[in-house]
Amino acid sequence: MFSAELIIKPTDNRRSTRSKVDMPGRVTTEGSWRSVCRIADLSRHGARLSTFTALTRGTVVWLNIAGHPARKAEIVWADEFNAACQFYQPLDERAVIALVGRFGFKVEPDRPIEDMIMVA
């Protein structure tokens, strides 16, 4: 008789927790090309960007984050105007907490999210 134990691993294999944010940034390539961007989520190890210029996977960039020195990162996936980058050196945990505190989305726990959505 054969028996097996099934263990389901979470599909999210990230090294650190991502936080949704809305903060300005600037992307610079090593060839000195520059573009403004919006940082949509942030973790110690990377960020998801909304860009105005398409980036390609494997591109090495410098990401300027509000009030912090530029971080060297590599684009790990990209589509037309969205991309994710992985930092070469992780951000300090205190820096992430401060940035999320300043630019993160805050949800009121006693209020349904539907009540907080504004319709134009």
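From a predicted model like this one, the values you see are computed outputs, not experimental measurements. (Residues numbered from 1 in each chain as written. Predicted model: local features only at pLDDT ≥ 70, side-chain atom pairs only at ≥ 80, totals over all residues. Heavy atoms only, no water.)

## Notes on the sheet that holds strand S5 (residues 71-78)
(1) Moving on: Read around the closed barrel, six strands run S1-S2-S3-S6-S5-S4, paired in antiparallel fashion. Each strand of the sheet is rotated relative to its neighbour by a mean of 45°, with strand direction disregarded.
(2) Moving on: Pairing geometry for S5 and strand S6 (residues 82-87), over five bridges, is antiparallel. Considered in S6, the bridge of Glu-74 is made with Gln-86.
(3) Moving on: Its contacts with the sheet put helix H1 (residues 93-103) on strand S1 (19-29), strand S2 (34-42) and strand S4 (60-65), and the angle it makes with S1 is roughly 110°. (Pairing = 2+ DSSP bridges. Helix = DSSP H or I, 4+ residues; strand = E, 2+ residues; numbered from the N terminus. Axes fitted to C-alpha atoms, helices over the stretch in contact; angles between N-to-C directions. Contact = heavy atoms within 4.5 Å.)

## Considerations on the nonpolar core
Most often, soluble globular proteins keep nonpolar side chains buried together rather than apart.
(1) Moving on: With 21 residues, the main nonpolar core has Ile-39, Leu-42, Leu-63, Ile-65 and Phe-87 as its most contacted residues.
(2) Moving on: Sorting the residues of this core by element identifies S1, S2, strand S3 (46-51), S4, S5, S6 and H1 as the ones contributing at least two each.
(3) Moving on: Contacts of Ile-65, omitting those with residues within four sequence positions, involve Met-23, Ile-39, Leu-42, Arg-71, Phe-87, Leu-91 and Leu-99. (Core = buried A, V, L, I, M, F, W, Y, C linked by side-chain atoms within 4.5 Å. Buried < 20%, exposed > 50% of the residue type's maximum accessible area, 1.4 Å probe, protein only.)

## What to know about the state of the cysteines
(1) Moving on: Under the counting rule described, the total for this entry stands at zero disulfides.
(2) Moving on: Free cysteine: Cys-37, not disulfide-bonded; nearest cysteine sulfur from Cys-85 at 8.2 Å.
(3) Moving on: Looking at Cys-37, the relative accessible area reads 2%, which means it is buried. (Disulfide = S-S within 2.5 Å.)

## Describing the pairing of S3
For a regular strand, the rule is simple: side chains alternate between the two faces of the sheet.
(1) Moving on: The pairing of S2 with S3 spans five bridges and is antiparallel. Opposite Asp-41, over in S3, you have Arg-48 as the bridge partner.
(2) Moving on: Count of turn residues in the S2/S3 antiparallel hairpin: three residues.

## Some thoughts on the confidence of the model for the chain
(1) Moving on: When pLDDT is averaged along the chain, the result is 82, and 76% of the positions lie at 70 or above.
(2) Moving on: Taken together, the stretch residues 6-11 has pLDDT below 50 and engages in zero contacts with residues farther than four places along the chain or on a different chain. (pLDDT = per-residue confidence, 0-100.)

## With respect to the packing of aromatic side chains
(1) Moving on: Scanning the entire structure with this criterion turns up zero aromatic pairs.
(2) Moving on: Between the NZ or CZ atom of Arg-71 and the centre of the ring of Phe-87, over which it lies, the distance is 5.8 Å.
(3) Moving on: One cation-aromatic arrangement involves Lys-72 over Tyr-88; the distance from NZ or CZ to the ring centre is 5.0 Å. (Phe/Tyr/Trp six-rings, centres within 6.5 Å; stacked < 30°, edge-to-face > 60°. Lys NZ or Arg CZ within 6 Å of the ring centre and 35° of its normal.)

## What about H1?
Helical periodicity: at 3.6 residues per turn, an α-helix aligns residues three or four positions apart in one direction.
(1) Moving on: Of the positions making up H1, those classed as buried are Ala-95, Val-96, Leu-99 and Phe-103. The arc that holds every buried residue of H1, seen down its axis, measures 100°, which confines them to one face. In H1, those exposed residues whose orientation departs by more than 90 degrees from the buried face are Arg-94 and Ile-97. (Arc of directions from axis to C-beta.)

## Quick word on the environment of Asp-22
(1) Moving on: Note that Asp-22 resides in strand S1.
(2) Moving on: Spatially, the C-alpha atoms of Asp-22 and Leu-99 are 10.0 Å apart, while their sequence positions differ by 77 residues.
(3) Moving on: When sequence neighbours within four positions are dropped, the list of residues in contact with Asp-22 reads Arg-38, Ile-39, Phe-103 and Phe-105.
(4) Moving on: A polar atom in the side chain of Asp-22 sits 3.0 Å from the side chain of Arg-38. (Polar contact = N/O pair within 3.5 Å; in protein donor to acceptor, adjacent residues only side chain to side chain.)

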